[in-house]
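Next come the chains, spelled out residue by residue.
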Amino acid sequence: QAQLVESGGGLVQAGGSLRLSCAASGRNFDVYAMGWFRQAPGKEREFVASIDWSGRDTYYADSVKGRFTISRDNTRKTVDLRINRLQPEDTATYHCAKSIRSLVSRGVLADFEAWGQGTQVTVSP
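Description of the structure in this document.

Definitions and cut-offs
- Residues numbered from 1 in each chain as written.
- Predicted model: local features only at pLDDT ≥ 70, side-chain atom pairs only at ≥ 80, totals over all residues.
- Heavy atoms only, no water.
- Buried < 20%, exposed > 50% of the residue type's maximum accessible area, 1.4 Å probe, protein only.
- Helix = DSSP H or I, 4+ residues; strand = E, 2+ residues; numbered from the N terminus.
- Pairing = 2+ DSSP bridges.
- Phe/Tyr/Trp six-rings, centres within 6.5 Å; stacked < 30°, edge-to-face > 60°.
- Lys NZ or Arg CZ within 6 Å of the ring centre and 35° of its normal.
- Contact = heavy atoms within 4.5 Å.

### Quick look at the pairing of strand β9 (residues 92-99)
A large share of β9 lies buried, amounting to seven of its eight residues. When strand β4 (residues 34-39) meets β9, the two strands line up antiparallel, connected through six bridges. Its bridge partner being in β9, Gly 35 is matched across the sheet by Ala 97. Two strands pair when backbone bridges link them, and β9 and strand β10 (residues 112-115) are joined in this way by three bridges, in the antiparallel orientation. By the bridge assignment, Ser 99 is partnered in β10 with Phe 112.

Below you can see the structure in the form of structure tokens.
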């Protein structure tokens, strides 16, 4: 079972940027797609972005297109999420997740089987 550890969150002013990183352990990291989700207090977990096994295909939620960029390094077993022009509504705990599939996910929760504990992103106005 893959273990995922996120890092890079913090308190940022609106308009700033952050780079979140997810380090994976376990075998076959380069076989499966990966994703990022976020969850704000009192809200359901929300899909943010997904990347296929190779890193060549990505998919984003409409709410983050143009500001978020997902990438992966299969040699280092990491998947990153670059967030630009942060907004207060981006405040949430961000989780990375391992897909059960190799191809990019359209954000279906059932596509993902392993989750990290999350990293907190707080955006001040």
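### Focus: the packing of aromatic side chains
Here the structure, examined in full by the defined rule, presents five aromatic pairs. Where Phe 112 meets Trp 115, the ring centres are 6.2 Å apart and the plane angle is 55°; that geometry is what we call tilted. The class of Phe 112 is buried, set by a relative accessible area of 7%. Since its relative accessible area comes to 28%, Trp 115 is described here as partly exposed. Members of the aromatic cluster, connected to one another through ring pairs, are Phe 37, Phe 47, Tyr 59, Phe 112 and Trp 115. Here the basic side chain of Arg 72 rests over the ring of Phe 29, its NZ or CZ set 4.6 Å away from the ring centre. Over the ring of Tyr 32 we find Lys 98; its NZ or CZ atom is 3.9 Å from the centre of that ring.

### Some remarks on the environment of Ala 14
One can find Ala 14 in the loop between β2 (10-13) and β3 (18-25). By relative accessible area, which is 39% here, Ala 14 ends up partly exposed. Between the C-alpha atoms of Ala 14 and Pro 125, which are 111 residues apart in sequence, the distance is 5.3 Å. Beyond its immediate stretch of four places on either side in the chain, Ala 14 contacts Leu 86, Pro 88, Val 123, Ser 124 and Pro 125.

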